[in-house]
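Summary of the model geometry
The chain contents come next:
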Amino acid sequence: MQQFCCCFGSRTDKVSPGESFDHSKSPSPRSTESSNIFQTERHCTDILFIAIKAAFILILLVLIIYCMAFGDIYRIINGYDDCANVCGRDNSPDQSLPCKGADRTDEKYLLVEESGGTESALHRMCVTDCEEIEGFKPFLNRCIRKNNPAEDVATRTGLRNFFQEVSEDLEGCQREMLWLAATAFALSLLTLLLLRVLPGLIVWLV
């Protein structure tokens, strides 16, 4: 708050570090001259950066409101089938897609399978339970394979079956991710401690 008032206050409100210095007790004119080196009028230099930050926050809020008004976050969270019906939701009909508008409230899981024997042809469907499908299990609103050989993973390229790959990666690396997060948290605490104890060394290293 004091910094904010400094930016919009009068110049008489500026802080002069040497104002409390008693010149009558100065032993020599040289010491008085050296003490006046830091007696300069301070001025606010953060107005430009505050304006940039305010503009960034305003643009971010506009984008968030636009996405909330015209987007559907459940298309990413739950997934959707071939007719663009979001799994686990009661979808509204669309004239451009005759098959859209089905009630998928009870079908909360997305299953993506190959169709036609080609990797580019994928069939997306919403299912009620992944356990009913042989070789699949539920994970993060997706049905993923129970057995995922390394050669099968290596052959997947591009954005094909992207969300299913993400689900499988999260399940396979969840312990490593937790350890990395804990390590990063510990290192951040160590950095804060070193900034308190050895600030000069940390500033020099950084």
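Residues numbered from 1 in each chain as written. Predicted model: local features only at pLDDT ≥ 70, side-chain atom pairs only at ≥ 80, totals over all residues. Heavy atoms only, no water.

Let's talk about the side chain of N85
Following the sequence through the fold, N85 ends up in the loop between α4 (74-77) and β1 (109-114). A distance of 2.9 Å separates a polar side-chain atom of N85 from the backbone nitrogen of G101. Apart from residues lying up to four places away in sequence, N85 is in contact with G79, Y80, N91, C99, K100, G101, A102, R104 and C126. (Helix = DSSP H or I, 4+ residues; strand = E, 2+ residues; numbered from the N terminus. Polar contact = N/O pair within 3.5 Å; in protein donor to acceptor, adjacent residues only side chain to side chain. Contact = heavy atoms within 4.5 Å.)

Quick notes on the state of the cysteines
Enumeration over the complete set of coordinates arrives at three disulfides. For C83, the disulfide goes to C99, at an S-S distance of 2.2 Å. In this structure, the disulfide formed by C83 and C99 twists by about -115° around the S-S bond and is classed as left-handed. Of the two residues, C83 sits in the loop between α4 and β1 while C99 sits in the loop between α4 and β1, which places them 16 residues apart along the sequence. (Disulfide = S-S within 2.5 Å.)

Structural notes on the packing of aromatic side chains
Enumeration over the complete set of coordinates arrives at one aromatic pair. Ring plane angle 40° and centroid distance 4.9 Å describe the contact between Y66 and F70, whose orientation is recorded as tilted. One end of the pair, Y66, and the other, F70, are both in helix α3 (residues 47-70), four residues apart, so they sit about a helical turn from each other. Between the NZ or CZ atom of R75 and the centre of the ring of Y80, over which it lies, the distance is 4.4 Å. (Phe/Tyr/Trp six-rings, centres within 6.5 Å; stacked < 30°, edge-to-face > 60°. Lys NZ or Arg CZ within 6 Å of the ring centre and 35° of its normal.)

Thoughts on unusual backbone geometry
Even without being a glycine, L140 presents a positive backbone phi close to 55°. Here L140 is to be found in the loop between β3 (136-139) and β4 (142-145). Residue N141 is not a glycine yet carries a positive backbone phi of 60°. For N141, the position within the fold is in the loop between β3 and β4.

A look at the pattern of salt bridges
Here the structure, examined in full by the defined rule, presents two salt bridges. Across the pair R104 and D81 runs a salt bridge, and its minimum N-O distance is 3.1 Å. Pair noted here: R104 is in the loop between α4 and β1 and D81 is in the loop between α4 and β1, with a separation of 23 residues, a long-range link. Given the relative accessible area of 4%, D81 is considered buried. (Salt bridge = Lys/Arg side-chain N within 4 Å of Asp/Glu carboxyl O. Buried < 20%, exposed > 50% of the residue type's maximum accessible area, 1.4 Å probe, protein only.)

Details of the UniProt feature "transmembrane region" (unreviewed entry) in the protein
According to UniProt, the "transmembrane region" (unreviewed entry) feature falls on residues 47-69 and 178-205. Taken end to end, residues 47-69 has its terminal C-alpha atoms 33 Å apart, with 100% of it in helix and 0% in strand. (UniProt positions renumbered as here; feature names shortened; annotations may be inferred.)

A look at the pairing of β3
Pairing between β3 and β4: four bridges, direction antiparallel. Following the sheet pairing, K137 is matched in β4 by I144. Connecting β3 to the antiparallel partner β4 that follows it, the hairpin turn spans two residues, and L140 within it adopts a positive phi of roughly 55°. (Pairing = 2+ DSSP bridges.)

Regarding the side chain of R142
Of note, R142 is situated in strand β4. On the accessibility criterion, R142 (4% relative accessible area) is buried.

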